[in-house]
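Residue-level listing of the chains:
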Amino acid sequence: MNEVNDFIQRLDACPLGRTGWSQFEDLCTEILEFLFVPPLSQSQRQGRTYSGVSRRDSILPNRNVTATNDATAKNWHHLFLELNARMILFEFKNYDNSEIGHDEVNQTRNYMTAPMGRLAIMICSKEPVESAHRQRNTVFTQDQKVILFLTKEQLKEMLAMKERGEQPSDLILDLLERFYIQHE
(Lines give C-alpha, C1' and ligand atoms only; values in the text may rest on other atoms or scores of the structure.)
Protein backbone atom coordinates (compact mmCIF):
# COMPACT_ATOMS: atom_id res chain seq x y z
CA MET A 1 0.00 0.00 0.00
CA ASN A 2 1.34 3.43 -0.84
CA GLU A 3 1.64 6.35 1.55
CA VAL A 4 -1.33 8.27 0.09
CA ASN A 5 -3.71 5.31 0.50
CA ASP A 6 -2.41 4.80 4.04
CA PHE A 7 -3.16 8.43 4.91
CA ILE A 8 -6.67 8.17 3.44
CA GLN A 9 -7.44 4.97 5.33
CA ARG A 10 -6.18 6.48 8.58
CA LEU A 11 -8.30 9.61 8.03
CA ASP A 12 -11.38 7.47 7.44
CA ALA A 13 -10.67 5.39 10.56
CA CYS A 14 -10.00 8.35 12.85
CA PRO A 15 -12.75 8.58 15.51
CA LEU A 16 -14.74 11.79 15.57
CA GLY A 17 -15.09 13.96 18.64
CA ARG A 18 -13.08 14.00 21.83
CA THR A 19 -11.93 10.39 21.53
CA GLY A 20 -10.09 11.11 18.29
CA TRP A 21 -9.04 14.75 18.58
CA SER A 22 -5.37 14.05 19.33
CA GLN A 23 -5.15 11.35 16.67
CA PHE A 24 -6.79 13.74 14.16
CA GLU A 25 -4.31 16.53 14.96
CA ASP A 26 -1.32 14.20 14.69
CA LEU A 27 -2.52 12.67 11.44
CA CYS A 28 -3.44 15.98 9.82
CA THR A 29 -0.07 17.45 10.74
CA GLU A 30 1.67 14.41 9.27
CA ILE A 31 -0.36 14.83 6.06
CA LEU A 32 0.39 18.57 5.86
CA GLU A 33 4.11 17.89 6.18
CA PHE A 34 3.86 15.19 3.51
CA LEU A 35 2.04 17.60 1.19
CA PHE A 36 3.91 20.84 1.81
CA VAL A 37 7.37 20.28 3.38
CA PRO A 38 9.30 21.43 1.47
CA PRO A 39 8.68 24.17 0.37
CA LEU A 40 7.19 25.02 3.77
CA SER A 41 9.23 24.25 6.90
CA GLN A 42 8.52 21.56 9.50
CA SER A 43 5.45 22.07 11.63
CA GLN A 44 5.60 23.71 15.00
CA ARG A 45 2.94 21.90 17.05
CA GLN A 46 0.96 23.45 19.87
CA GLY A 47 2.77 26.77 19.46
CA ARG A 48 2.05 28.90 22.52
CA THR A 49 2.24 32.62 22.99
CA TYR A 50 4.71 33.87 25.57
CA SER A 51 2.01 34.17 28.25
CA GLY A 52 0.67 30.73 27.35
CA VAL A 53 -2.82 32.12 26.80
CA SER A 54 -3.03 31.07 23.14
CA ARG A 55 -2.10 27.63 21.84
CA ARG A 56 -2.17 27.11 18.10
CA ASP A 57 -2.61 23.56 16.78
CA SER A 58 0.01 23.64 14.03
CA ILE A 59 2.07 26.30 12.29
CA LEU A 60 4.09 25.69 9.13
CA PRO A 61 6.57 28.51 8.49
CA ASN A 62 6.55 29.90 4.95
CA ARG A 63 10.06 31.04 4.12
CA ASN A 64 9.26 31.51 0.42
CA VAL A 65 9.44 35.27 0.57
CA THR A 66 11.43 35.81 -2.62
CA ALA A 67 10.46 35.09 -6.21
CA THR A 68 11.25 31.57 -7.33
CA ASN A 69 10.81 29.39 -10.39
CA ASP A 70 10.24 26.34 -8.19
CA ALA A 71 6.71 25.13 -9.04
CA THR A 72 6.19 23.70 -5.54
CA ALA A 73 6.92 27.09 -3.94
CA LYS A 74 5.08 29.48 -6.29
CA ASN A 75 1.71 29.31 -4.54
CA TRP A 76 3.26 29.87 -1.13
CA HIS A 77 5.20 32.84 -2.46
CA HIS A 78 1.93 34.20 -3.88
CA LEU A 79 0.21 33.76 -0.49
CA PHE A 80 3.09 35.51 1.21
CA LEU A 81 2.76 38.50 -1.11
CA GLU A 82 -1.03 38.66 -0.99
CA LEU A 83 -1.71 37.89 2.68
CA ASN A 84 1.70 38.30 4.32
CA ALA A 85 1.37 34.57 5.06
CA ARG A 86 4.70 34.16 6.83
CA MET A 87 3.43 31.46 9.18
CA ILE A 88 0.62 29.22 7.91
CA LEU A 89 -1.72 28.58 10.83
CA PHE A 90 -3.71 25.33 10.85
CA GLU A 91 -6.47 24.65 13.35
CA PHE A 92 -8.04 21.20 13.55
CA LYS A 93 -11.75 20.69 14.29
CA ASN A 94 -12.58 16.99 14.64
CA TYR A 95 -16.16 17.55 15.75
CA ASP A 96 -18.81 14.87 15.98
CA ASN A 97 -22.09 16.19 17.38
CA SER A 98 -21.07 19.81 17.95
CA GLU A 99 -21.28 22.36 15.18
CA ILE A 100 -18.27 24.13 13.77
CA GLY A 101 -19.57 27.67 14.01
CA HIS A 102 -19.04 31.30 14.93
CA ASP A 103 -16.99 30.60 18.09
CA GLU A 104 -14.47 28.36 16.32
CA VAL A 105 -13.90 31.05 13.67
CA ASN A 106 -13.36 33.68 16.38
CA GLN A 107 -10.91 31.43 18.20
CA THR A 108 -8.89 31.06 15.00
CA ARG A 109 -9.14 34.81 14.36
CA ASN A 110 -7.66 35.52 17.78
CA TYR A 111 -4.67 33.27 17.04
CA MET A 112 -3.77 35.29 13.93
CA THR A 113 -1.22 37.94 14.88
CA ALA A 114 0.38 40.47 12.55
CA PRO A 115 3.78 38.73 12.41
CA MET A 116 2.12 35.46 11.38
CA GLY A 117 0.16 36.95 8.51
CA ARG A 118 -3.46 37.03 7.47
CA LEU A 119 -4.10 33.39 6.48
CA ALA A 120 -5.39 30.53 8.59
CA ILE A 121 -6.82 27.19 7.54
CA MET A 122 -9.30 25.23 9.63
CA ILE A 123 -9.24 21.51 8.81
CA CYS A 124 -12.69 20.23 9.70
CA SER A 125 -14.18 16.77 10.09
CA LYS A 126 -17.41 18.19 8.68
CA GLU A 127 -18.64 21.30 6.90
CA PRO A 128 -18.88 24.36 9.16
CA VAL A 129 -22.40 25.77 9.67
CA GLU A 130 -23.70 29.02 8.17
CA SER A 131 -22.74 31.12 11.21
CA ALA A 132 -19.09 30.13 10.67
CA HIS A 133 -19.24 31.26 7.05
CA ARG A 134 -20.85 34.57 8.03
CA GLN A 135 -18.31 35.14 10.79
CA ARG A 136 -15.31 34.56 8.53
CA ASN A 137 -16.80 37.16 6.16
CA THR A 138 -16.96 39.56 9.10
CA VAL A 139 -13.36 38.75 10.04
CA PHE A 140 -12.23 39.54 6.51
CA THR A 141 -14.25 42.77 6.35
CA GLN A 142 -12.95 43.99 9.70
CA ASP A 143 -9.37 42.70 9.74
CA GLN A 144 -8.56 41.57 6.19
CA LYS A 145 -7.77 38.13 7.68
CA VAL A 146 -8.67 35.06 5.62
CA ILE A 147 -9.83 31.88 7.31
CA LEU A 148 -10.31 28.99 4.91
CA PHE A 149 -12.30 25.84 5.68
CA LEU A 150 -10.76 22.59 4.46
CA THR A 151 -12.76 19.39 4.92
CA LYS A 152 -11.37 15.88 5.27
CA GLU A 153 -12.59 15.17 1.74
CA GLN A 154 -10.61 18.13 0.38
CA LEU A 155 -7.57 16.95 2.33
CA LYS A 156 -7.95 13.58 0.62
CA GLU A 157 -8.18 15.36 -2.74
CA MET A 158 -4.89 17.13 -2.02
CA LEU A 159 -3.30 13.76 -1.31
CA ALA A 160 -4.60 12.49 -4.66
CA MET A 161 -3.25 15.62 -6.35
CA LYS A 162 0.22 14.97 -4.92
CA GLU A 163 0.05 11.36 -6.10
CA ARG A 164 -0.82 12.59 -9.64
CA GLY A 165 2.17 14.96 -9.60
CA GLU A 166 0.01 18.07 -9.23
CA GLN A 167 0.46 20.87 -6.69
CA PRO A 168 -1.81 20.31 -3.65
CA SER A 169 -1.48 24.00 -2.79
CA ASP A 170 -3.51 24.73 -5.95
CA LEU A 171 -6.56 23.62 -3.98
CA ILE A 172 -5.77 26.20 -1.29
CA LEU A 173 -5.65 28.92 -3.95
CA ASP A 174 -8.97 27.61 -5.33
CA LEU A 175 -10.52 27.88 -1.85
CA LEU A 176 -9.13 31.39 -1.47
CA GLU A 177 -10.59 32.49 -4.80
CA ARG A 178 -13.98 30.96 -3.94
CA PHE A 179 -13.89 32.82 -0.64
CA TYR A 180 -13.18 36.13 -2.38
CA ILE A 181 -16.05 35.51 -4.82
CA GLN A 182 -18.61 34.70 -2.10
CA HIS A 183 -17.48 37.41 0.32
CA GLU A 184 -20.00 40.20 0.87
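In the block above lies the structure referred to throughout.
Notes on the structure in this doc start here.

Calculation notes
Residues numbered from 1 in each chain as written. Predicted model: local features only at pLDDT ≥ 70, side-chain atom pairs only at ≥ 80, totals over all residues. Heavy atoms only, no water. Helix = DSSP H or I, 4+ residues; strand = E, 2+ residues; numbered from the N terminus. Expected span 1.5 Å × (residues − 1). Buried < 20%, exposed > 50% of the residue type's maximum accessible area, 1.4 Å probe, protein only. Contact = heavy atoms within 4.5 Å. 1 Å grid on protein atoms, 1.4 Å probe; cavity = no way out; pocket = protein on both sides within 12 Å on 5 of 7 lines; lining within 4 Å. Points joined across faces, edges and corners; volume = space filled by probe spheres on them. Nonpolar A, V, L, I, M, F, W, Y, C, P; charged D, E, K, R; others polar. Pairing = 2+ DSSP bridges. Right-handed = clockwise from strand over helix to strand, strands pointing away. Disulfide = S-S within 2.5 Å. Polar contact = N/O pair within 3.5 Å; in protein donor to acceptor, adjacent residues only side chain to side chain. Axes fitted to C-alpha atoms, helices over the stretch in contact; angles between N-to-C directions. Parallel < 35°, antiparallel > 145°, perpendicular 65-115°, else oblique. Core = buried A, V, L, I, M, F, W, Y, C linked by side-chain atoms within 4.5 Å.

Between the first and last C-alpha of helix 7 (residues 169–182) there are 20 Å, a value that for 14 residues agrees with the 20 Å anticipated at 1.5 Å per step. The set of residues buried in helix 7 consists of S169, L171, I172, L173, L175, L176 and F179. Of the surrounding secondary structure, the elements contacted by the buried residues of helix 7 are helix 2 (21–36), helix 3 (71–83), strand 4 (119–124), helix 5 (130–143), strand 5 (146–151) and helix 6 (152–163).

For the rest of this paragraph, the subject is the layout of surface pockets. The rolling of a water-molecule-sized probe over the atoms marks out the regions of remaining empty space. Estimates place the volume of the largest pocket at around 460 Å³. Looking at the largest pocket, it is lined by 17 residues, and the ones nearest its centre are R18, W21, F92, N94 and Y95. Taken together, the residues that form the lining of the largest pocket break down as 5 nonpolar, 5 polar and 7 charged.

Let us now look at the pairing of strand 4. Burial analysis of strand 4 places 6 of its 6 residues in the buried class, which makes it a mostly covered element. Side-chain alternation along strand 4 places L119, I121 and I123 on one buried face and A120, M122 and C124 on a second face that is also buried. Note: strand 3 (residues 87–93) against strand 4, 5 bridges, orientation parallel. Directly across from K93, in strand 4, lies its bridge partner C124. Handedness of the crossover joining strand 3 and strand 4 through helix 4 (residues 102–111) is recorded here as right-handed. By the bridge criterion, 6 bridges tie strand 4 to strand 5 in an arrangement that is parallel. Bridge pairing in strand 5 links M122 to F149. After leaving strand 4, the chain enters helix 5 and then returns to the sheet as strand 5, a path that is right-handed.

Linking two cysteines covalently via their sulfur atoms produces the bond known as a disulfide. Following the criterion strictly, the structure yields 0 disulfides and no others. C124 takes part in no disulfide bond, and the closest cysteine sulfur, belonging to C28, lies 9.7 Å away.

This next bit is on the side chain of R109. Examined against the element boundaries, R109 turns out to sit in helix 4. Polar side-chain contacts of R109 include one of 2.5 Å to the side chain of Q142. The contacts of R109, once residues within four sequence positions are left out, are Q135, V139, Q142, D143, K145 and I147.

Below, the discussion takes up the packing of helix 5 against helix 7. Running from N to C, helix 5 and helix 7 cross one another at 85°; their axes reach a closest spacing of 11 Å. By the angle between their directions, the pair helix 5 and helix 7 is classed as roughly perpendicular. Of the residues in helix 7, those touching helix 5 at R136, N137 and F140 are F179, Y180 and Q182. Residue composition of the contact of helix 5 with helix 7, by class: 3 nonpolar, 2 polar and 1 charged.

Core analysis: the largest hydrophobic core is formed by 37 residues, its most contacted members being L79, L119, I121, I123, L148, L155 and M158. Sorting the residues of this core by element identifies helix 1 (3–13), helix 2, helix 3, strand 3, strand 4, strand 5, helix 6 and helix 7 as the ones contributing at least two each. Ranked by residues supplied to this core, first place goes to helix 2 with 7 residues. Not counting residues within four places of it along the chain, the set of residues in contact with I121 comprises I88, L89, F90, E91, L148, L150 and I172. By size, the runner-up hydrophobic cluster in this structure holds 15 residues, among which are L89, Y111, M116 and C124.

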